[in-house]
Amino acid sequence: MPAHTHANRRPRLARALAAAGVAAAALALPLVGATGASAAPAATATATVYPDNLDGWIRQSLDVMAQHGIPGSYDGIYRNIMRESSGNPLAINNWDSNALAGTPSKGLLQVIDPTFAAYHVPGTAFDPYDPVANITAACNYAAARYGSIDNVFGAY
């Protein structure tokens, strides 16, 4: 009986894969050349795609908040956004005491620049008009001051 060498196994493997079909070949090829039980299929990460609207901004913020342990709910965020800006990410308050002091409230949750800077969450844009950054920073502030954005029912 002839010795089975590495070269003798390749043609047999190729024929077997061809007979098994393209799908089986696609699954088996990454394992060719792998040694022992240490070979594992590569994990694939899929990025969540959020719509560029209020719903998407809130959901993306909630995901960032979850990564950083910041409490808050969709309903609490939505309720406060509707009161503060009616959902306009470019809203600016040029008439209250903050504005008169030269620091107007900005964005969906009407955050002043010093508060935004102090409570900015890494992984979001450093721009108070960026909807996700504004929501996430405001929720971070509300968590520190009130326990959660869910506990805010008026100007904060």
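Residues numbered from 1 in each chain as written. Predicted model: local features only at pLDDT ≥ 70, side-chain atom pairs only at ≥ 80, totals over all residues. Heavy atoms only, no water.

**Q** Looking at this model, I keep getting lost on the overall build of the protein chain. Mind explaining?
**A** Helix and strand counts for the protein chain stand at seven helices and two strands. Along its sequence from the N terminus, the protein chain presents helices and strands in the succession α-α-α-α-β-α-β-α-α. A burial count over the protein chain gives 33% of its 156 residues as buried. By sequence separation, contacts in the protein chain at least 24 residues apart represent 46% of the contacts at least 6 residues apart. Carbon together with sulfur atoms contributes 59% to the accessible area of the protein chain, which is approximately 9,600 Å² in total. (Helix = DSSP H or I, 4+ residues; strand = E, 2+ residues; numbered from the N terminus. Buried < 20%, exposed > 50% of the residue type's maximum accessible area, 1.4 Å probe, protein only. Contact = heavy atoms within 4.5 Å. Areas by Shrake-Rupley, 256 points an atom, 1.4 Å probe, with all protein chains shown as cover.)

**Q** What's the story with helix α7 (residues 131-146) in this structure? I'm lost.
**A** Structurally, the α-helix is built with 3.6 residues per turn, so residues lying three or four positions apart point the same way. In this model, α7 (16 residues) spans 21 Å end to end at C-alpha, consistent with the 22 Å of a helix rising 1.5 Å per residue. The element α7 is extensively covered by neighbouring structure, given that 13 of its 16 residues are classed as buried. The residue sitting at the N-terminus of α7 and contributing the capping side-chain oxygen is D130; that oxygen lies 3.3 Å from the backbone nitrogen of V132. Of the residues one or two after α7, G147 is the one with positive phi, at around 95 degrees. (Expected span 1.5 Å × (residues − 1). Polar contact = N/O pair within 3.5 Å; in protein donor to acceptor, adjacent residues only side chain to side chain.)

**Q** For this particular structure, what's the right way to read the confidence of the model for the protein chain?
**A** Note that predicted coordinates carrying low pLDDT should not be read in detail. Summing up the model confidence of the protein chain, the mean pLDDT is 82 and the portion of residues at 70 or higher is 72%. Considering only residues more than four positions removed or in separate chains, one finds that residues 1-38, a stretch of pLDDT under 50, has nine contacts. (pLDDT = per-residue confidence, 0-100.)

**Q** I keep staring at unusual backbone geometry and nothing clicks. Help me out?
**A** The phi angle of most residues is negative, glycine excepted, and most peptide bonds adopt the trans form. Residues other than glycine seldom take positive phi values, yet S86 does so here, at roughly 55 degrees. By secondary structure assignment, the location of S86 is in the loop between α4 (74-84) and β1 (92-93). Of note in this structure, Q110 is not a glycine but carries a positive phi near 50 degrees. Mapped onto the fold, Q110 is located in the loop between β2 (105-106) and α6 (113-119).

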